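# Chain and residue survey
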Amino acid sequence: MQPLNRRRALRLLGAGAGVSLAGCLGESDPGGGADGGAGDGGLEVDVFQAGATASRPPWAEVGDRVGFVRVIESLDDVPLFATADDGDDGDGGPRPPEDLVEWFEETDFEASVVVSVQTAAPNACYRELEIDDVGTETVTFAADDDEGDGVERIEAITGTAAAVDVREDEAEGCAQVETYPAAYVRVTGEDLPSAAAFTITNGWGDAGEVRSDEAPIRPDDLAGYVEPPHDPQNVPAALECDDEAFERLPATGDDEVAWGETVDDDGDSVFAMRVENPQYDGDADDVDRALAFERGDEVRIALRNVSDDRQSTGNRHKYNLEILTEDGWEDVRGADPDARIGYTDEGLLHPPGRGFEWTFELSEEGLVEGHAHEDAVRVCPDLHPGRYRFRFWSVAGADSIAVAFDLVA
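What this report covers is the structure whose coordinates are included nearby. (Residues numbered from 1 in each chain as written. Predicted model: local features only at pLDDT ≥ 70, side-chain atom pairs only at ≥ 80, totals over all residues. Heavy atoms only, no water.)

### Details of the overall build of the protein
- In terms of regular secondary structure, the protein is built from three helices and 24 strands.
- A separation of at least 24 residues holds for 79% of the contacts in the protein among residues at least 6 apart in sequence.
- Accessible surface, the protein as shown: approximately 18900 Å² in total, 40% of it carbon and sulfur. (Helix = DSSP H or I, 4+ residues; strand = E, 2+ residues; numbered from the N terminus. Contact = heavy atoms within 4.5 Å. Areas by Shrake-Rupley, 256 points an atom, 1.4 Å probe, with all protein chains shown as cover.)

Structure (C-alpha cells):
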C-alpha cells in the first residue's frame, strides 16, 4: 500500500489551494474516541474522531445543509477535513496529525471503504460525532442522465451521525464559536457500495439525510456576480504610459474566455468565479449598482471548484487585471523590461468546494499589493473609469475564466 506520509497527505489536500489544517478546538483527542465492532449485516465498523475546527467548510455556505458525506475508496480519494495541527511539515506548512496518517495507512482499501462525515455545532464543546446503525441498503440518488424519472435506486452505505457535546461537567465553559466536528467511518466487508447516505443531526438538533452525490457547492450557491448586465458606459483610448521603459503585462491564454463558469467535455460545471462588492448593502438583484465601484473600494473575487472531484489549476498569481479600451482588453499593470516576470508551472489540486480568493483595493498600489512580483510590477497610467475584467488563465475547462465590474469614479 502506498504510504500516506505528511507530504503526500498535504498534496492530496491541495496544499496552497485554500485548504488549511486548523487546530482542534478544546482538548478532545482526535482518534481517541474511535468506535469498533460489527455493523448491520456483519460489517466491521471503525470510527476515527477527527475533532472539530472553526474553519467554515464549503458545504456550510449553502442554504440549510446539516452536513456533508463523502466516500473514500483509495488513498487518492482522501479529502482530509480540517483537523488537528500536528506541527510543521518541513516546508513551513501544517501537517496532518500522526494518528490520522497511521489510521489511513492501516486501512486496506481492497476490503474497506471510508465514509467521511461532517456537521456543524453551536460551540466548541461539540468535538465528536456519534456514529450508529451503519449498514447497507437501497437508496434513491439523482440519476446521471435525464432519462426516466431522473433518479436511480442504488445500494449505499447508510448510518446515522450526530454532533456530540463531549464535556463531562455541564459547568464547563464552551467557546461560543460555530464549529464543525468530523469523523471518518471505516467499513469493512464484501462487495461494499461506492455511495453513502447518512442521516445527520447537527448541534442544534436539526436532522436530514445527506448523500455522497451532493457536491459541496454549485455555481448558483456562490455569492456575487459574473459581470454587469449593460454595455460599458466608458471605453477609454488604448492605454499609454509616460514611462517609455514600461512594458505592459501580456494577455495570456486569451483564446477562450469563459465568463463565470468553466465546463468539461460533457458540459458539467468544473470551476465557477464570482466578483463581490463588500461596500454594497443594497438590493442583491440590482447588479448594476452592486458592480459599480469607486476608487479606493475593495473588490473581492472568488474561484471555486464546483465539481464532485478534485480539479487542478496553476498558482494564484496567474491572472490579468484588465480594462476594456478601444484596442480591446489591456492589463493595467506592467514592469520595466529588465524585470524578470515569470510564473512557476506547478499544478495545485483543489478539493470540491475549494479554490482561490483575491481581494484588491481599487488603487494603483492596491492592484499590485500581494502579487508574486509586487516589487517590480506597477500600474501605468493611473486607473481610468471603465469596465474592468479579472481573468485567471490557469484553469481546467477553458483557456481562462473571467468576471467583470465597473469603476465609475
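Once the structure has been displayed, the description carries forward.
### Considerations on a negative patch on the surface
- Taken together, the side chains of Asp-242, Glu-361, Glu-365, Glu-369, Glu-374, Asp-375 and Asp-382 present a region of like negative charge at the surface.
- Take Asp-375: it is sitting in the loop between β21 (355-361) and β22 (378-379). (Patch = residues over 30% accessible without salt bridge, like charges linked within 9 Å, V, L, I, M, F, W, Y side chains within 5 Å. Salt bridge = Lys/Arg side-chain N within 4 Å of Asp/Glu carboxyl O. Lys, Arg positive; Asp, Glu negative; His and termini not counted. Charge placed at Lys NZ, Arg CZ, Asp CG, Glu CD.)

### Observations regarding the packing of aromatic side chains
- Within the structure shown, the criterion is met by 16 aromatic pairs.
- Look at Phe-356 and Phe-392: their rings are 5.8 Å apart centre to centre, the planes differ by 75°, and that puts the pair in the edge-to-face class. With Phe-356 in strand β21 and Phe-392 in strand β23 (residues 386-392), this pair connects stretches of sequence that are 36 residues apart. Here the two residues Phe-356 and Phe-392 agree in accessibility, since each one is buried.
- An aromatic cluster is built from Tyr-319, Phe-356, Trp-358, Phe-360, Phe-390 and Phe-392, whose rings are joined through pairwise contacts. (Phe/Tyr/Trp six-rings, centres within 6.5 Å; stacked < 30°, edge-to-face > 60°. Buried < 20%, exposed > 50% of the residue type's maximum accessible area, 1.4 Å probe, protein only.)

### Here's the deal with helix α2 (residues 98-105)
- Within the span of α2, buried status applies to Leu-100, Val-101, Trp-103 and Phe-104. Down the axis of α2, the smallest arc covering the buried residues is 160°, so these residues share one side.
- Check the buried side of α2 and you find it contacts β2 (44-53), β3 (67-72), β4 (112-119) and β7 (180-188). (Arc of directions from axis to C-beta.)

By themselves, these figures tell us nothing about what the structure is for.
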